[in-house]
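Descriptive structure summary
Residues per chain are reported as follows:
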Amino acid sequence: FDLLIPYSFSETENIFSKNPDIEILHTQFATKGRKEADPLFNDWWQSQKGEPGYACFFRDSKGSILLADDWNHPMVNLINDYCLELMVKNNIDDFAEVNKQNSSNLRFTGIYWDLLFGKISWLGEDVDSNLDGQPDDPVELNQQYKDSVTKFINEIHNQFPEAVLMGNEADLEYAQVINGRLFEWQLQNLLDGSDLYSWKVIIDDYR
């Protein structure tokens, strides 16, 4: 392998001696968060109105946490500066700690994030990112979200300038601040006859 993105593993003997140029990316959370995955996400899930963490998962205008269809997990409200700052710190600490704990035989050369979408309006017709009790305008919401994700990635890059940064479903505008993208399901859907994407759209995005 030249690129390895494990969800988890405990030990790999002499992997760099077999391929000194291999990139091993540590899977981390940026835009989504399950409450069982990290104490920080659990705190946000339990937060009550008026507490800082209450704003850190996207909610509707009635205050209910919005869950992604099929995956059934919340999405992090990076538009909120407090939440963005915490996620940046969490990612910096996570990457620094995992490399500190592992031996030279297993060092991570970068970070992989799932779901680096360029918009968030797909989460629902009623998304209230600023908790003013009103659904946000989708166009403004998506632009604010894309700007926030870009800021998040830049903060990580500034802290770890040599690290390879990669995302799943990453928006093309993020190409200025990340090193690669995973096309997770597009080819399978195309081969299965889905009309969601054409070959031209997929190959143009890839190029």
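Along each chain, residues carry numbers from 1 onward, in the same order as the chain's sequence is written. Residues qualify for local features only when their pLDDT is at least 70, as the model is predicted, and side-chain atom pairs are given and counted only at 80 or more; totals for whole chains, interfaces and linings, by contrast, use all residues. Processing note: side-chain calculations cover all non-hydrogen atoms of the structure and skip hydrogens and water entirely.

**Quick word on the confidence of the model for the protein chain**
Going by this rule: pLDDT is defined as a per-residue confidence score from the predictor, taking values between 0 and 100. Helical segments are the DSSP runs of H or I of at least four residues, strand segments are the runs of E of at least two, and each set is numbered from the N terminus.
Averaged over every residue, the pLDDT of the protein chain is 91; residues scoring 70 or more account for 94%. At the low end of the mean pLDDT range in the protein chain sits helix 1 (residues 15-18), at 78; at the high end sits helix 4 (residues 138-159), at 98.

**With respect to the nonpolar core**
Threshold: Buried residues of nine kinds, namely Ala, Val, Leu, Ile, Met, Phe, Trp, Tyr and Cys, make up a nonpolar core once their side-chain atoms join them within 4.5 Å. Only protein chains enter the area calculation, which uses a 1.4 Å probe; residues under 20% of their type maximum are buried, those over 50% are exposed, and those in between are partly exposed. Contacts between residues were defined by any pair of non-hydrogen atoms, one from each residue, lying within 4.5 Å.
Counting residues in hydrophobic clusters, the biggest one holds 46 residues, and the most contacted among them are Phe58, Trp113, Phe152, Ile153 and Ile156. Breaking this core down by element, the ones donating at least two residues are helix 1, helix 2 (39-46), helix 3 (81-101), strand 3 (110-113) and helix 4. The leading source of residues in this core is helix 3, at seven residues. Filtering out sequence-adjacent residues up to four positions away, tryptophan 113 remains in contact with Gln28, Phe29, Ala30, Asn91, Phe152, Ile153, Ile156, Leu165, Met166, Gly167 and Asn168.

**Points about the side chain of arginine 59**
Threshold: Neither His nor the chain termini are counted; the positive set is Lys and Arg, and the negative set is Asp and Glu. In the sections that follow, a salt bridge refers to a side-chain nitrogen of Lys or Arg positioned within 4 Å of a carboxyl oxygen of Asp or Glu. Any N or O atom pair separated by 3.5 Å or less is treated as a polar contact, with the protein-specific requirement of one donor-capable and one acceptor-capable atom, and with residues adjacent in sequence counted only for side-chain atom pairs.
Counting through the fold element by element, arginine 59 comes out in the loop between helix 2 and helix 3. Here arginine 59 occupies a buried position and makes no salt bridge, while the nearest side chain of opposite charge, aspartate 60, is found at 7.4 Å. Polar side-chain contacts of arginine 59 include one of 2.7 Å to the backbone oxygen of tyrosine 54.

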